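# Coordinate analysis (summary)
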Amino acid sequence: MRVAIIGAGICGLYLAWKLAERGEEATVFEKKSKIGKVVCSGLFSERILDFVPESQKLIQNQLKYCLIHFPKRTLKIRFSRRFFVMSHFELDNLVGNLAKRAGAKIILNQPTLTPDVNILLKQEKFERIIGCDGALSETRKGLGLKDPQVRLGIQGFVPKRDNSDFVETWPTKNGFIWKIPRGGEIEYGIMEKPKEAKLIFGKFLEKNNLHLERINSALIPRSDLIIPQNPNITLCGDAAGLTKPWSGGGVIWGLTAAEILVKNFPDFLKYQKEMRKIFLPKIIFSKIAKKLVYFLGFKFPWFLPNNFKIESDFLV
């Protein structure tokens, strides 16, 4: 089948790779002039190797636990699976090359193709369209679907070598600040409401006398599940609002969704049904768990254990 994939992010490229491997005619349309996401921490659980074994060579550092610094107590969370620090830009290009070798086409420098994806479906004679065009998805807008709420992510770097095996976070009212040792440098960042992120992050940097280089920002969808009941057009990854409620990370969830889509292809209605069955309970439970931990952490921190373990990607 002729499949148009809108967006050459990790989910779009992975879908193109896997669909081309099974004999589908996959074409990826990307509005930018090159492949590769720059604004991302590139922090993935070791599950990334299940999806892209070749990414082993991209590992910059390995993390075993996280310190959460509430105002009056610090919690240590051990990961049941290690986390790897990688360059998201390099990962995208690796998967893009795998997609090309499998026979997929990747067309760059494509402006918004059309506000009405149904027209694209008809004019270009594509039999299926998959929107993987991120938090501000034009495909989603073309379908008349709601937009997910967003958070603003800001990141910057300190040129200092650090091979520590843990990440640190400082919860804020609606998000958190992070510190990630990347081996050759240290990354600091924040995820918060767009109107508040810059001010909160600025105060944190000033308090800790930190001066960042290469500061970038991007919008991150809050965890949701926006998948149309449409037999010919669907959404995957950030375009579907699919991110982890507690961290905003979306790669492993997005690739899991991509696998579900490939398994059910070309039946998009079956894909939508299975996604709701698998992800809705995880999203609901994770949102409740996060709210509870934040409430206790700020109000009654002594009720929380100092040291506990969690499943890295799926709390349930």
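See the structure printed just above.
All figures in this text were calculated on a predicted structure; none of them were measured in a lab.

## Re helix α6 (residues 194-207)
In this model, α6 (14 residues) spans 21 Å end to end at C-alpha, consistent with the 20 Å of a helix rising 1.5 Å per residue. Inspection of α6 places Ala197, Phe201, Phe204 and Leu205 among the buried residues, and these make up the whole buried set. Buried positions in α6, seen along its axis, are confined to an arc of 95° and lie on one side of it. Of the exposed residues in α6, those oriented more than 90 degrees away from the buried face are Lys195, Leu199, Lys203, Glu206 and Lys207.

## Details of the packing of aromatic side chains
In the structure shown here, the tally under the stated rule is 20 aromatic pairs. For the pair Tyr14 and Phe51, a centre-to-centre distance of 6.0 Å together with 80° between the ring planes defines the contact as edge-to-face. Of the two residues, Tyr14 sits in helix α1 (residues 10-21) while Phe51 sits in helix α2 (residues 48-51), which places them 37 residues apart along the sequence. By relative accessible area, Phe51 is classed as buried at 12%. A ring pair is formed by Tyr188 and Phe204, whose centres lie 6.4 Å apart and whose planes are at 50°; its orientation type is tilted. Note that Tyr188 is positioned in strand β11 (residues 186-192) and Phe204 in helix α6, a separation of 16 residues in sequence. Here Tyr188 falls in the buried class, since its relative accessible area comes to 8%. The lysine or arginine in question, Arg214, covers the ring of Phe157, its NZ or CZ lying 4.2 Å from the ring centre.

## Observations concerning the layout of surface pockets
What the second largest pocket holds in volume is close to 340 Å³. Forming the boundary of the second largest pocket are 17 residues, of which Arg151, Asn174, Arg222, Pro245 and Lys290 lie nearest the centre. Elements represented by at least two residues in the lining of the second largest pocket include exactly β12 (213-221) and α8 (268-299). Tallying contributions element by element places α8 first for the lining of the second largest pocket, with 4 residues. Partitioning the lining of the second largest pocket into residue classes produces 5 nonpolar, 5 polar and 7 charged.

## Remarks on unusual backbone geometry
Cis rather than trans, the peptide bond between Phe265 and Pro266 has omega equal to 5°. Inspection of the secondary structure assignment puts Pro266 in the loop between α7 (251-264) and α8. In the Ramachandran plot, Asn209 falls in the positive-phi region, its phi being about 50° despite a non-glycine side chain. Relative to the elements of secondary structure, Asn209 occurs in the loop between α6 and β12.

What counts, and at which threshold
Residues numbered from 1 in each chain as written. Predicted model: local features only at pLDDT ≥ 70, side-chain atom pairs only at ≥ 80, totals over all residues. Heavy atoms only, no water. Helix = DSSP H or I, 4+ residues; strand = E, 2+ residues; numbered from the N terminus. Expected span 1.5 Å × (residues − 1). Buried < 20%, exposed > 50% of the residue type's maximum accessible area, 1.4 Å probe, protein only. Arc of directions from axis to C-beta. Phe/Tyr/Trp six-rings, centres within 6.5 Å; stacked < 30°, edge-to-face > 60°. Lys NZ or Arg CZ within 6 Å of the ring centre and 35° of its normal. 1 Å grid on protein atoms, 1.4 Å probe; cavity = no way out; pocket = protein on both sides within 12 Å on 5 of 7 lines; lining within 4 Å. Points joined across faces, edges and corners; volume = space filled by probe spheres on them. Nonpolar A, V, L, I, M, F, W, Y, C, P; charged D, E, K, R; others polar.

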